[in-house]
Amino acid sequence: QVFSHHCPFLMGPIECLTDVVTPDTDIQVTLSIFELASAAGIPCEVDPALVNVLAASKTDGSSPEEDYKVACLLLVFVAVSLPLLASDPASVYNTELDG
């Protein structure tokens, strides 16, 4: 809020970019926009830091210790997201998809 109040000329274009992102948008463009938005403090649908960690672990011949760290990071992500999704009235559990 402080950043929006003091620099509306900077936050306005970033907020407009996040509004333009759709599921049809190229994934690299989407990740770049979300990385910019999260650096500015705007909440995003996708966490770019998590995506970067997962992408790096997929391409590297990572060690078991790194795999363990990534698994722990994913568990934290699920633990943080699950209560938010459970309290969202738009969230439903589909038994056909098991999710």
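Preceding block: the structure.
Here's a quick rundown of the structure. (Residues numbered from 1 in each chain as written. Predicted model: local features only at pLDDT ≥ 70, side-chain atom pairs only at ≥ 80, totals over all residues. Heavy atoms only, no water.)

## Observations regarding the layout of surface pockets
And step 1. By volume, the largest pocket is sized at about 330 Å³.
And step 2. What lines the largest pocket is a set of 16 residues, among which Cys44, Asp47, Phe77, Val80 and Ser81 lie closest to the centre.
And step 3. Mapped onto the lining of the largest pocket, the elements with two or more residues apiece are helix 4 (48–59) and helix 5 (64–87).
And step 4. Here the lining of the largest pocket takes 7 residues from helix 5, the largest share from any one element.
And step 5. Along the lines of polarity and charge, the residues of the lining of the largest pocket split into 11 nonpolar, 2 polar and 3 charged.
And step 6. Each of two domains, domain 1 (1–57) and domain 2 (59–88), supplies a minimum of three residues to the lining of the largest pocket. (1 Å grid on protein atoms, 1.4 Å probe; cavity = no way out; pocket = protein on both sides within 12 Å on 5 of 7 lines; lining within 4 Å. Points joined across faces, edges and corners; volume = space filled by probe spheres on them. Helix = DSSP H or I, 4+ residues; strand = E, 2+ residues; numbered from the N terminus. Nonpolar A, V, L, I, M, F, W, Y, C, P; charged D, E, K, R; others polar. Domains from an automatic or database assignment.)

## Remarks on the packing of helix 2 (residues 8–20) against helix 3 (residues 27–39)
And step 1. Their axes nearest at 10 Å, the elements helix 2 and helix 3 cross at an angle of 140 degrees. Relative to helix 3, helix 2 is oriented oblique. The interaxial crossing formed by helix 2 with helix 3 has left-handed handedness. Side by side, helix 2 and helix 3 meet where Ile14, Leu17 and Thr18 of the first sit next to Ile33, Leu36 and Ala37 of the second.
And step 2. Across the contact of helix 2 with helix 3, the residue classes tally to 5 nonpolar, 1 polar and no charged. (Axes fitted to C-alpha atoms, helices over the stretch in contact; angles between N-to-C directions. Parallel < 35°, antiparallel > 145°, perpendicular 65-115°, else oblique. Left-handed = near helix turned anticlockwise from the far one by under 90°. Contact = heavy atoms within 4.5 Å.)

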